[in-house]
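Descriptive analysis of the structure
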Amino acid sequence: MPDLQSQPNQLPTTRPVAAPGRPSYLELHDSGELQRRIEQAYEVLHHCTLCPRDCGIDRLAGEKGYCRAGAEPVVASWNAHPWEEPPISGTRGSGTIFFTHCTARCLFCQNYPISQLGVGQQVPVQRLGAMMLELQARGCHNLNLVTPTHFVPQILAALALAIEGGFRLPLVYNSSGYDAVETVRLLDGVVDIYLPDAKYADDAIAQRLSGFRGYVEANRAALREMYHQVGDELLLDENGLAVRGLIIRHMVLPDGLAGTEQVLAWIARELEPSVYISLMAQYFPAHKAVGDPVLGRRITHEEYLRALTAFDELELEHGWRQEYCEVDEE
Ligand code: SF4
């Protein structure tokens, strides 16, 4: 989970736009469309293609694919999280549900016991729906689904149950950006705020460092679909909290491995320079990156300044820049 110390961009950050307070998923629920999506999504579990890895295995029959996720959701933690971007965390925190398993195997994953070793608790969808209601009761501003891709059907089913119980928070979809376009389409009108990563600009690097297959094209297709659904505006309520929109996260890696300039250039060219971007400097070596000749160090100040310069030169207009902190590596 990214622990953002989000800093307001020096450039214009947000354009407050009055937005209706009613999450769009309520209309889908009332019309019966949400139920149709749930059925469609569970059908995908019979030959899982929720992410672009396309394992094609029957998870409902107990088969496991690359991510190791099964038929029931597995939750690692759920809590109010204060360190997301300011319009997501607000003053009372983002109601975060952190899912176990992952469609990637990042060498530097800070949460590898959860993502790669399966640490977490298997819960029925009824319990997942109850968690959503409990986070709402705690006063969280939104529901933040972290690493949700491989559990989209179960999340939709839990959401329907939570709605029956009075759930009304905006939904944040916080993924690696390695989502099948068809999966993102199942979320059209359900998700209010997309918070995907754009991790890499090179497939070979994405494969080597994270085990992603065909990341760049798949990521860009998913981002296009998210952008198509919610556009470039980040709609805020009267308290400055996000209620609808898209924020793309990008973490700068050592030695230019994340392809930061290319990632930012693609967003500016193929989406809009006005898309909100959260630029992160928080990389530190974890898991298999410890001791690695390239990945075994934090990024340098110069590397981060290059990323900031690219942001400026591309005339990207909105977002947040994480503060760079000098750390004594001794
Ligand atoms: S979600 Fe998991 S099982 Fe499904 S295609 Fe992706 S890696 Fe394979």
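Residues numbered from 1 in each chain as written. Predicted model: local features only at pLDDT ≥ 70, side-chain atom pairs only at ≥ 80, totals over all residues. Heavy atoms only, no water.

**Considerations on the site of the ligand**
As a matter of local geometry, the ligand sits amid Cys48, Cys51, Asp54, Cys55, Arg59, Gly65, Tyr66, Cys67, Thr103 and His150. If you map the ligand onto the pockets, it falls in the second largest cavity. A class-by-class count of the residues in the shell around the ligand yields five nonpolar, three polar and two charged. (Near = heavy atom within 4 Å. 1 Å grid on protein atoms, 1.4 Å probe; cavity = no way out; pocket = protein on both sides within 12 Å on 5 of 7 lines; lining within 4 Å. Sits in = over half its atoms within 2 Å of the grid points. Nonpolar A, V, L, I, M, F, W, Y, C, P; charged D, E, K, R; others polar.)

**Observations regarding the confidence of the model for the chain**
Of the residues in the chain, 93% reach a pLDDT of 70 or more, and the chain-wide mean stands at 93. Segment residues 1-19: pLDDT under 50, and 67 contacts once partners within four positions in sequence are set aside and those in other chains are kept. (pLDDT = per-residue confidence, 0-100. Contact = heavy atoms within 4.5 Å.)

**Quick word on the packing of helix H9 (residues 215-230) against helix H10 (residues 260-270)**
Contact geometry of H9 with H10 gives a least axis separation of 12 Å together with a crossing angle of 35°. Handedness of the crossing formed by H9 with H10: right-handed. Of H10, the residues touching H9 (which contributes Arg220, Leu223 and Arg224) are Gln262, Trp266 and Glu270. Grouping the amino acids of the contact of H9 with H10 by side-chain chemistry returns two nonpolar, one polar and three charged. (Axes fitted to C-alpha atoms, helices over the stretch in contact; angles between N-to-C directions. Helix = DSSP H or I, 4+ residues; strand = E, 2+ residues; numbered from the N terminus. Left-handed = near helix turned anticlockwise from the far one by under 90°.)

**Quick look at the pairing of strand E5 (residues 171-174)**
Of the two faces of E5, the one carrying Leu171 and Tyr173 and the one carrying Val172 and Asn174 are both buried. Relative to E5, strand E4 (residues 143-146) runs parallel, the two sharing four bridges. By the bridge assignment for E5, Leu143 is matched with Leu171. Here two bridges tie E5 to strand E6 (residues 193-194), and the two strands are oriented parallel to one another. Residue pairing for E6: Val172 is matched across the bridge by Ile193. Handedness of the β-α-β unit built from E5, helix H7 (residues 181-186) and E6 comes out right-handed. (Buried < 20%, exposed > 50% of the residue type's maximum accessible area, 1.4 Å probe, protein only. Pairing = 2+ DSSP bridges. Right-handed = clockwise from strand over helix to strand, strands pointing away.)

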